[in-house]
Amino acid sequence: RRQIRKSNKLCAVTSDNSDANTTWQLAKQSLLRQRAPLIPEDTFVLELMANANVYGVSKIFTAYYNDIAIASIFLVYDDRFVYYLFGGYDDTYASTGAKTLLFWNAILYAKEKGLHFNFEGSMLKGVEQYFRSFGAQLQPVHFIWK
């Protein structure tokens with residue numbers, strides 16, 4: 001809560017789907033920082049975002065610090081859930097807590113729409129702990145194959 005109050009004073013948040021490229025560039029920056037083994041092609045991700053926008057099932061929240069986009073998250077939703085698909089932030093502005101503020105806005109957005117918020121989890125221990133700090137509960141997913 002303290003971090004949300006702090007970042008609310010430092011950052012302005014928009015919920016505009018028009019700047020998908022900024023969202024993807026910030027997300028890609030985060031994936032590179034995490035040394036992700038696979039990073040999707042720009043065209044694939046931007047086409048996915050455009051299609052979700054055309055069907056009216058997506059939302060982008062972006063945090064700005066002094067008119068600079070410093071964090072952004074991409075959400076999609078159906079009739080039951082708002083799903084966090086991906087997001088990222090500029091490491092230079094990590095201390096602003098902008099990503100936490102974006103998640104808070106996304107949770108409020110889901111509540112406003114009468115939907116549940118789904119963090120979609122992570123295999124990265126640090127990310128999983130961060131999601132739990134919002135009160136997220138672990139939901140094991142099992143894959144069985146032969």
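Residues numbered from 1 in each chain as written. Predicted model: local features only at pLDDT ≥ 70, side-chain atom pairs only at ≥ 80, totals over all residues. Heavy atoms only, no water.

Novice: I'm lost on the overall build of the protein chain in this one. Help?
Specialist: Each helix and strand in the protein chain was counted, giving 5 helices and 5 strands. Here the protein chain holds 146 residues, and 35% of them are scored as buried. With the model as given, the accessible surface of the protein chain reaches about 9,800 Å², and the carbon-plus-sulfur share is 53%. (Helix = DSSP H or I, 4+ residues; strand = E, 2+ residues; numbered from the N terminus. Buried < 20%, exposed > 50% of the residue type's maximum accessible area, 1.4 Å probe, protein only. Areas by Shrake-Rupley, 256 points an atom, 1.4 Å probe, with all protein chains shown as cover.)

Novice: What's the story with the pattern of salt bridges in this structure? I'm lost.
Specialist: Where charged atoms of side chains with opposite charge meet at close range, the side chains can pair. One pass over the structure, following the stated rule, counts 1 salt bridge. The salt bridge partner of Lys28 is Asp42, with a shortest N-O separation of 2.8 Å. Taken as a pair, Lys28 in helix α2 (residues 20-33) and Asp42 in helix α3 (residues 42-54) lie far apart in primary sequence, 14 residues in all. The buried category is assigned to Lys28, whose relative accessible area is 19%. Residue classification places Asp42 among the partly exposed positions, given a relative accessible area of 29%. (Salt bridge = Lys/Arg side-chain N within 4 Å of Asp/Glu carboxyl O.)

Novice: How should I be thinking about the sheet that holds strand β5 (residues 116-118) in this particular structure?
Specialist: Backbone hydrogen bonds are what pair the strands of a sheet, in a parallel or an antiparallel way. What the 5 strands build is an open sheet, ordered β1-β2-β3-β4-β5; its pairing is mixed. With partners counted over all chains shown, the strands left at the sheet margins are β1 (12-14) and β5, one partner each. Here the average twist between neighbouring strands, direction ignored, is 25°. Here 7 bridges tie strand β3 (residues 68-77) to strand β4 (residues 81-89), and the two strands are oriented antiparallel to one another. Following the sheet pairing, Ile73 is matched in β4 by Gly87. On top of the sheet, α2 reaches β2 (58-65), β3 and β4; it is set at about 70° to β4, its chief contact. (Pairing = 2+ DSSP bridges. Axes fitted to C-alpha atoms, helices over the stretch in contact; angles between N-to-C directions. Contact = heavy atoms within 4.5 Å.)

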